[in-house]
Amino acid sequence: MKTTYREAVREAIREAMNRDARVFLMGEDVGHYGGCYAVSRGLLEEFGEDRIRDAPLSEAGFVGAGIGAALGGMRPIVEVMTVNFSFLALDQIVNNAATLLHMSGGALNVPLVIRMATGGGRQVAAQHSRSLEGWYAHIPGLKILTPATLEDARGTLWTALEDPDPVLIFEHVLLYNLEGELPDDAGPVPIDRAAIRRDGTDVSLITYGGSLPKALAAAERLAEEGVSAEVLDLRTLRPLDTEAILETVEKTHRAVIVDEGWRSGSLSAEISARITEGAFYELDAPVARVCGAEVPTPYPKHLEAAALPQVEGILEAARSVLPAGRGARG
Amino acid sequence: MTFPPSPPLPEREHGLELLRSMILVRRFEEKCAELYGKEKIRGFLHLYIGEEAVAAGSVPILGPEDSLVATYREHGHALVRGVPPGRVMAEMYGKMEGCARGRGGSMHIFDAEARVFGGNAIVAGGLPVAVGLALAARMLGENRVTACYFGEGAAAEGAFHESMNLAALWDLPVLFCCENNLYAMGTALAISQSETDLALRAAGYRIPAWAVDGMDVLAVEDAMRRAVEAVRGGGGPHFLEFRTYRFRAHSMFDPELYRTKEEVARWKERDPIALFVERLRAADLIEEARAKEIEAEVVAEVEEAVRFAEAGSWEPVEELSRFVYSERPAAAAEGR
Ligand SMILES: Cc1ncc(C[n+]2csc(CCOP(=O)(O)OP(=O)(O)O)c2C)c(N)n1
């Protein structure tokens, strides 16, 4: 079945709503507007205002209400348009959702799913271009998913809803138009395992979300140069699949981490540290990182492109860890 | 809602000035829509078309010493405030000659000299900032008014309530200017706020508030004049709700599924520019020739802005990491 990432997410929501009467979608403009990224278009007509619930501009309010509804026995999918606006709900997410289970000595779990768009690349300037899923991955108590393929867009939501704890799903804005084939019987996928998207032997490109297509494109180019790059899609940023990270490094002995987030104190720093801790003697070259430039994302196309990881930058980083002579230079 | 009768027409030249500024905003934005189609302007673009009377009638009441805070739908406020159209347009292009060197684009028009403090794209993000600007003025003994523009959607945010409370509690010289166009993206006021009378809500914070016909530039001007005088005179925070309507989609990505064409058409009958021209005509304050002249002047001004933007330059990539931290010594940053 030919589909898009956007439709795959919509199908996942529709399936969840049909499967479990406790599931409802709540967020800004999910109903009458049809969803800021058109993900929920048509669902209001299908399920009605009670279950496709337009919330006012009040992120702290409706995210907190999602927590309460989850405590009260519902299975809310809360949509916060973008990660940029989730900051208004940060207190509820970090101080409540992430801590209630622990603070209550295991008595109160929060089966809540929060979806939001993330990432830059659409020339919408600093306040609309954050990639802060890595930030959220810092918080114990949250699970952080970053579906990068149609299968994952379709399959992670149900698994997330079955999870007893708060799960945040980050959908990169550049992925919504991604097109491809999806089997008719595409079903739930695990949310605690990284996935190898391309096998390789010379270098590992470790990435997730919106950077996956760029890493795959870079791997394609490297193949033309005679370099076999493995591409590891993390899929879940917390908990990180350390085993998969170490396995790929043990196989290729060279690692390039691609993360749209800022380098300092980032997810890429964490991955690099885990490689150092777990596979230091397997490394034939220092770990390389391709990250977002440490600036608020600028509006003009050329500056925005320079601020975000690009295929060229990934190629350069890969070449820098390959032995001299492997891979054409320049 | 019925409003008090519209104020009498002003003197001819002033009336024409109001008309000119509404037409400038309209033509500028129509040009922006066209340029968006040509991919000269990118990203999110939120047009103000239909709401021109609010900026045109209210912004000029502020003095040069006053401060203005606005949202991502701020081109009109910037233009009426006197930010040169060429600089606004260059910003839309992302060119270095833009008022933010092109780094902000359409949603982030700033002008330190004109005391335009945003261009904030986070809904209600500007309200606490406006409270702070007013606080600074109070503490420094400066008699400045801070006017803060925002949509009715912002009134549901926590930041709105916190700001209203602080402003009233500390008796600050801030004027909240709510541009109620009835929709926050696709969410109608009626389905998103329990009390849709926003002036009434302001009253809950003991802030004097009025609802104003935002399609009537003279009513806007009159209300703004009274409110600014009251704030400047030490009356503490005030609140104006301008009832208006946007004729276009929320942004260039909006399929407008949430309202009917008939509703939009009904509001267009109250087009603030057409209404005002009609009144000027009826009072013999404008002749066909003069109307054409104004139109031509404005069109030329917009064309000139486009030429300026086209001729502008792209910031070198080497400068990407500038302005993350200040390049000037702390002392120079004072005196804002
Ligand atoms: C905190 C936050 N949440 C959501 C958004 C997305 N968004 C941008 S504009 C908008 C509607 C705001 O409506 P309103 O305040 O009435 O202003 P208008 O656009 O009508 O001028 C929304 C929901 C945002 N920019 N910031």
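Residues numbered from 1 in each chain as written. Chains lettered and ligands numbered in written order. Predicted model: local features only at pLDDT ≥ 70, side-chain atom pairs only at ≥ 80, totals over all residues. Heavy atoms only, no water.

With that out of the way, let us pick up the overall build of chain B. From N to C terminus, chain B includes twelve helices and nine strands. Taken over C-alpha atoms, the radius of gyration comes to 20 Å for chain B, in line with the 20 Å a tight globule of 336 residues would show. Taken along the three principal axes of its C-alpha coordinates, chain B extends 55 × 50 × 40 Å. Restricting to contacts in chain B with at least 6 residues of sequence separation, those with at least 24 account for 77%. On chain B, roughly 14,000 Å² of surface is accessible, and the fraction owed to carbon and sulfur atoms is 55%. Computed over 38 positive and 52 negative side-chain charges, the separation of the two mean positions in chain B equals 1 Å. (Helix = DSSP H or I, 4+ residues; strand = E, 2+ residues; numbered from the N terminus. Rg over C-alpha atoms; globule rule 2.2 N^0.38 Å. Contact = heavy atoms within 4.5 Å. Areas by Shrake-Rupley, 256 points an atom, 1.4 Å probe, with all protein chains shown as cover. Lys, Arg positive; Asp, Glu negative; His and termini not counted. Charge placed at Lys NZ, Arg CZ, Asp CG, Glu CD.)

On to unusual backbone geometry, then. With an omega dihedral of -5°, the bond running from Arg-238 of chain A to Pro-239 of chain A counts as a cis peptide bond. With respect to the helices, strands and loops of the structure, Pro-239 of chain A is situated in the loop between strand 12 (236–238) and helix 10 (242–252). Of note, the phi angle at Arg-206 of chain B is positive, near 60°, even though the residue is not glycine. With respect to the element layout, Arg-206 of chain B can be found in the loop between helix 8 (198–203) and strand 8 (209–213). Classification of Arg-206 of chain B by relative accessible area gives exposed; the value is 77%. (Buried < 20%, exposed > 50% of the residue type's maximum accessible area, 1.4 Å probe, protein only.)

Here we take up the site of the ligand. Taken together, the neighbourhood of the ligand is formed by 22 residues, with Glu-59 of chain A together with Tyr-72, Arg-73, Gly-153 and Asn-181 of chain B sitting nearest. Around the ligand, the nearby residues trace back to chains A and B. Val-123 of chain B is positioned such that a nitrogen or oxygen atom in its backbone is 3.0 Å from a nitrogen atom of the ligand. Within the complex, the protein chains bury 96% of what would otherwise be the 580 Å² of accessible surface of the ligand. Its residues placed into classes, the shell around the ligand shows twelve nonpolar, five polar and five charged. (Near = heavy atom within 4 Å. Polar contact = N/O pair within 3.5 Å; in protein donor to acceptor, adjacent residues only side chain to side chain. Nonpolar A, V, L, I, M, F, W, Y, C, P; charged D, E, K, R; others polar.)

Our next topic: a nonpolar patch on the surface. All names here are of chain B. Together, Leu-166, Leu-169 and Trp-170 make up a nonpolar patch on the protein surface, roughly 300 Å² of accessible area in all. In this structure, Leu-169 sits in helix 6 (residues 158–169). Since its relative accessible area comes to 60%, Leu-169 is described here as exposed. (Patch = residues over 30% accessible without salt bridge, like charges linked within 9 Å, V, L, I, M, F, W, Y side chains within 5 Å. Salt bridge = Lys/Arg side-chain N within 4 Å of Asp/Glu carboxyl O.)

We now examine the nonpolar core. In terms of nonpolar packing, the biggest core is built from 104 residues, with Ile-206 and Leu-234 of chain A together with Met-89 of chain B touching the most fellow members. Top contributing element to this core by residue count: helix 1 (residues 12–37) of chain B, with eleven residues. Not counting the four nearest positions on each side in its chain, Ile-206 of chain A is found in contact with Leu-232, Leu-234, Ile-245, Thr-248, Val-249, Ala-255, Val-256, Ile-257, Val-258, Ile-271 and Ile-275 of chain A. (Core = buried A, V, L, I, M, F, W, Y, C linked by side-chain atoms within 4.5 Å.)

For chain B, the mean per-residue pLDDT works out to 96, and 98% of the residues sit at or above 70. The ipTM assigned to the predicted complex is 0.94, against a pTM of 0.96. (pLDDT = per-residue confidence, 0-100.)

This part takes up the interface of chain A and chain B. In this complex, chain A contributes 33 residues to the contact, which on the side of chain B involves 40 residues. The largest share of the area that chain A buries against chain B comes from Tyr-33, Leu-57 and Tyr-299 of chain A, three residues that together contribute 26% of it. In this assembly, chain A and chain B are joined by nine residue pairs in polar contact (both at pLDDT 80 or more). Mapped onto the side of chain A that touches chain B, the elements with two or more residues apiece are helix 4 (83–86) and helix 12 (301–307) of chain A. Residue composition of the side of chain A that touches chain B, grouped by class: 18 nonpolar, eight polar and seven charged. (Buried area = accessible area lost by both parts, 1.4 Å probe.)

This part is about the packing of helix 5 (residues 126–140) of chain B against helix 6 of chain B. Residue and element names in this part refer to chain B. Relative orientation of the contacting elements helix 5 and helix 6 amounts to 15°, with a least axis distance of 8 Å. Comparing the axis directions of helix 5 and helix 6 gives the class roughly parallel. Relative to helix 6, the crossing made by helix 5 is left-handed. Along its contact with helix 5, which presents Leu-127, Pro-128 and Val-131, the element helix 6 presents Ala-159, Phe-160, Ser-163, Leu-166 and Ala-167. Partitioning the contact of helix 5 with helix 6 into residue classes produces seven nonpolar, one polar and no charged. (Axes fitted to C-alpha atoms, helices over the stretch in contact; angles between N-to-C directions. Parallel < 35°, antiparallel > 145°, perpendicular 65-115°, else oblique. Left-handed = near helix turned anticlockwise from the far one by under 90°.)

Our next topic: the packing of aromatic side chains. What the rule picks out here adds up to 14 aromatic pairs over all chains. Judged by centre distance (5.9 Å) and plane angle (20°), the ring pair of Tyr-33 of chain A and Tyr-258 of chain B falls under stacked. Of the two residues, Tyr-33 of chain A sits in the loop between strand 2 (23–27) and helix 2 (43–47) while Tyr-258 of chain B sits in the loop between strand 9 (238–243) and helix 10 (261–268), which places them in two different chains. The two residues Tyr-33 of chain A and Tyr-258 of chain B agree in class, both being buried. One aromatic cluster in this structure is built from Tyr-33 of chain A together with Tyr-183, Tyr-245, Tyr-258 and Trp-267 of chain B. (Phe/Tyr/Trp six-rings, centres within 6.5 Å; stacked < 30°, edge-to-face > 60°.)

Residue and element names in this part refer to chain A. A cluster of acidic residues, Glu-243, Glu-247, Glu-250 and Glu-282, forms a negative patch at the surface. Mapped onto the fold, Glu-247 is located in helix 10. Note on Glu-247: relative accessible area 47%, which makes it partly exposed.

This brings us to the sheet that holds strand 2 (residues 110–111) of chain B. All names here are of chain B. Within the open sheet, the seven strands sit side by side as 2-3-1-4-5-9-8. Their pairing is mixed. Here the strands that pair on one side only, and so sit at the sheet edges, are strand 2 and strand 8. Two strands pair when backbone bridges link them, and strand 1 (residues 67–71) and strand 3 (residues 116–120) are joined in this way by three bridges, in the parallel orientation. Across the sheet, residue Thr-71 finds its bridge partner in strand 3, namely Asn-120. Strand contacts of helix 9 (residues 217–235): strand 4 (146–151), strand 5 (174–180), strand 8 and strand 9, with the helix running at about 170° to strand 9, the strand carrying the most contacts. (Pairing = 2+ DSSP bridges.)

Now for the pattern of salt bridges. All names here are of chain B. Per the stated rule, a full pass over the model turns up 50 salt bridges over all chains. When the shortest N-O distance is used, the salt bridge between Glu-315 and Arg-103 registers 2.9 Å. With Glu-315 in the segment after helix 12 (288–311) and Arg-103 in the loop between helix 4 (85–93) and strand 2, this residue pair connects regions lying 212 residues apart in the sequence. For the pair Glu-315 and Arg-103, a shared accessibility class is recorded, and that class is buried. Overlapping salt bridges bring together Arg-101, Arg-103, Glu-315, Glu-319, Arg-322 and Glu-327 as one network.

Let us look at the sheet that holds strand 12 of chain A. Residues and elements named next belong to chain A. Read across the open sheet, the seven strands follow the order 3-2-4-5-7-6-12; overall the sheet is mixed. With partners counted over all chains shown, the strands left at the sheet margins are strand 3 (52–54) and strand 12, one partner each. Neighbour to neighbour, the strand axes of the sheet diverge by 20° on average, direction disregarded. Pairing geometry for strand 6 (residues 143–145) and strand 7 (residues 167–172), over three bridges, is parallel. From the neighbouring strand, Ile-144 faces strand 7, where its bridge partner is Leu-168.

All names here are of chain A. The terminal C-alpha atoms of helix 3 (residues 59–71) lie 18 Å apart, and with 13 residues this matches the ideal 18 Å at 1.5 Å per residue to within 8%. Glu-59, Phe-62, Val-63, Gly-64, Gly-66, Ile-67, Ala-69 and Ala-70 are the residues of helix 3 that are buried. Where helix 3 is buried, its residues contact strand 2, strand 4 (75–82), helix 4, helix 5 (90–97), helix 6 (100–103) and strand 5 (113–118). Looking at the residues trailing helix 3, positive phi occurs at Gly-73, about 110°. (Expected span 1.5 Å × (residues − 1).)

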